[in-house]
Amino acid sequence: MAAQKNTNRIGLGLILAAAFLLRLVGLGSSELLFDEALYSFRSIGWLDYLESSVQTTPIQWLADSNLPGWQKLSFHDHPPLFFLIQRMFFGVSGDSLLASRLPSAIFGVAFVYLIYLVARKLFASDAPGLFAALTAAVSLAHVSVSRLAMMESVLFFFVLLNIHCFLKLLDGQKHWLMFGLTLGLAFLTKYIAILLIPTYLVFLMVHRRDVLKNSKLYLALIVSVLIFSPVIIYNIYSYKTFGHFDLQFAYLLNQKTPWPVDGFGGKTQDPFSKIGENLTSVFSWPFLAISLAGLILIFWKKELRKRLSLILISFLFITLLLTRTGSAIRFVSLYVMPFSFLAAAIFLFLWDKKPKVTGAILAIFVVHELFFTAKTVFLNPPDYGVAKLDKYLDSVFESGRSAAIPSHPNPHLDKVIQGYAAKTPVRLAQPTGIIYDDDIATGPMLWLFSRRQYYHAIPIMKSSQFQEMTENKTIGQLKNFDLYFVKTETASPVNPIRATDYAEQIEELLTADGQKPVEIIKNGSAETAFKVYKFSVQ
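Computed from a prediction, not measured in an experiment: that's the story for all the values here.

Draft legend 1. Region of interest: the sheet that holds strand E6 (residues 519-522). The five strands are arranged E4-E3-E5-E7-E6 in an open sheet whose pairing can be described as mixed. What marks the edges here is a single partner per strand, and that holds for strand E4 (460-462) and E6. Strand-to-strand twist across the sheet, computed as the mean angle between neighbouring axes with direction ignored, equals 20°. One ladder, built from six bridges, connects strand E5 (residues 482-488) with strand E7 (residues 528-535); its direction is antiparallel. Bridge pairing in E7 links Thr488 to Phe530. Against the sheet, helix H25 (residues 463-471) touches strand E3 (432-436), E4, E5 and E7, its axis set at about 85° to E4.

Next comes the structure, spelled out in structure tokens:
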């Protein structure tokens, strides 16, 4: 028995080591993807602002007023916990891509350990815990969300932690407080954690009606509401002040808002009808086949069906949720939880029958999953040139700024700039600023340029603003500045809605003056993504 425990500990240690490596290696040099910048930019300064005239925020609506305290309790489109965790990491190690993703990676590794604990409890055995943890550790669905500065990895952790606490609550009333705390933290991470409520309700009505009569369950729910109260207070005051709740609740309740709500969210971009395509993007066919085999096995074996009924119910409600939210890859990745338990069920069944054969099958499966994951994450990762340009700009400004400090017409935003200017050392002798192409996509724009304007106090302007200064003959304000002009190319991540020719006009002027790019940034296909010119106004 002792020898088996040691073997299990070694196996778990190796699984966690693999999970760590898959989630941490090259984390800071990977490309900026999806909505990473939309979260990270705001987390740095706890600033609910997106540099957008479409998705505006209270900071813009209240430009001529003092910002009320409730505005700091949450964000206009998401609850605050992920932003808070990211902000803590930025506070320790600075605003880098690595720091932005570390929370997801760390919570991702912790998730693998949690899935081991939950599976061990559900099956009352170590082996299925190891099978589930191994499956999750190498799954592309989970590795990918654990390498992104987005909410999903932290959400999955708190959802699974709350399931673990719920299972403990079923064993004894003393765990009610942790159940309530973790349920509130899950809600405070992302609203789709609401799927836990119907999952638990159905499970208790079918299997444990006695718990529904226990006052400790309702005390736990009260605790979860208290944890979630910053969002409740934010939305009460938002409704009083603006006549609507935050973006997510406004969308749910079909409220009239300043935002084109119908244009937001995964349902518009990836409707439920695309679930098959998106599932196979992050789950391999062998993974899906093994999960399906586990599902069939559970319906065949009454004892297994009873043990995993909570997982089956969660699978049902995840699916129902996706019909509402859409099947974006970040949402279908939720299936990694039930799929890992289903895979553990089939591996355990086979192990009891033919351990050697099962070991060989498991080894082949793990190797395949490692290759499937590595192919996307390491061998052929997305590369649009944004991370490379970020690194280049870091080398230009040397973690500092010049003596020139930008200003902003919005007093709240100007206060942010001046505050960070006082903290940022002057490293460049010459006044230095950046001009960027209006066409660049929102995410790269926020990370590359807005972040440097608000948090590094570097003068930044769009090409259109530079052209306007030229036409108004106010360009002399930039005399003696070293100006870095960043122009997007056909391989750049651009926003097609903002197609303009301002950057082309500036490039024509520079090339006519004999200027050549000081840096050419290429994407992963060796195509030119960005050109960087350096010039001064005479």
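Draft legend 2. Examining the pattern of salt bridges more closely. Within the structure shown, the criterion is met by 17 salt bridges. Asp126 is the salt-bridge partner of Arg120, the closest N and O atoms lying 3.7 Å from each other. Of the charged contacts in the structure, one is a salt bridge between Lys487 and Glu507, with a shortest N-O distance of 3.8 Å. One end of the pair, Lys487, is in strand E5; the other, Glu507, is in helix H26 (residues 502-512), and 20 residues separate them in sequence. Each member of the pair, Lys487 as well as Glu507, is classed as buried. Through salt bridges that share partners, Asp95, Asp390, Asp394, Arg451 and Arg452 make up one connected network.

Draft legend 3. Representation of a positive patch on the surface in the model. Among the surface-exposed residues, Lys72, Arg87, Lys415 and Lys423 lie close enough to one another that they form a single positively charged patch. With respect to the secondary-structure elements, Arg87 resides in helix H4 (residues 81-93). What makes Arg87 partly exposed here is its relative accessible area of 32%.

Draft legend 4. Structural context of the pairing of E6. Pairing analysis gives four bridges linking E6 to E7, with the strands arranged antiparallel. Bridge assignment links Ile521 to a residue of E7, and that residue is Phe530. Taken together, E6 and the strand that follows it, E7, pair antiparallel across an intervening segment of five residues, in which Ala526 is found at a positive phi of about 65°.

What counts and how
- Residue indices begin from 1 for each chain and proceed along its sequence in written order.
- Per-residue local features are limited, in this predicted model, to residues with pLDDT of at least 70; the limit for side-chain atom pairs, both in listing and counting, is 80 or more; totals at the level of whole chains, interfaces and linings are taken over all residues.
- Side-chain figures throughout are based on the complete set of non-hydrogen atoms in the structure, without hydrogens or water.
- Should DSSP find at least two bridges between two strands, the strands are taken to pair.
- The numbering of helices and of strands both runs from the N terminus, where a helix is a DSSP run of H or I of at least 4 residues and a strand a run of E of at least 2.
- A fitted line through C-alpha atoms represents every axis, and for helices the fit uses only the stretch in contact; the resulting angles, taken between N-to-C directions, go from 0 to 180 degrees.
- Note on definitions: a residue-residue contact is assigned when non-hydrogen atoms from the two residues lie within 4.5 Å.
- For this document, the term salt bridge refers to a Lys or Arg side-chain nitrogen within 4 Å of an Asp or Glu carboxyl oxygen.
- Residue burial is assigned from relative accessible area. The probe radius is 1.4 Å, only protein chains are included, and a residue is buried under 20% of its type maximum, exposed over 50%, and partly exposed in between.
- Within the patch definition used here, like charges are joined within 9 Å and nonpolar side chains (Val, Leu, Ile, Met, Phe, Trp, Tyr) within 5 Å, considering only residues with over 30% relative accessible area and no salt bridge.
- Every accessible area reported is derived by Shrake-Rupley at a probe size of 1.4 Å, with residue values counting cover from the shown protein chains alone.
- The positive count covers Lys and Arg only, the negative count covers Asp and Glu only, and His and the chain ends enter neither.
- Lysine's charge is taken at NZ, arginine's at CZ, aspartate's at CG and glutamate's at CD.

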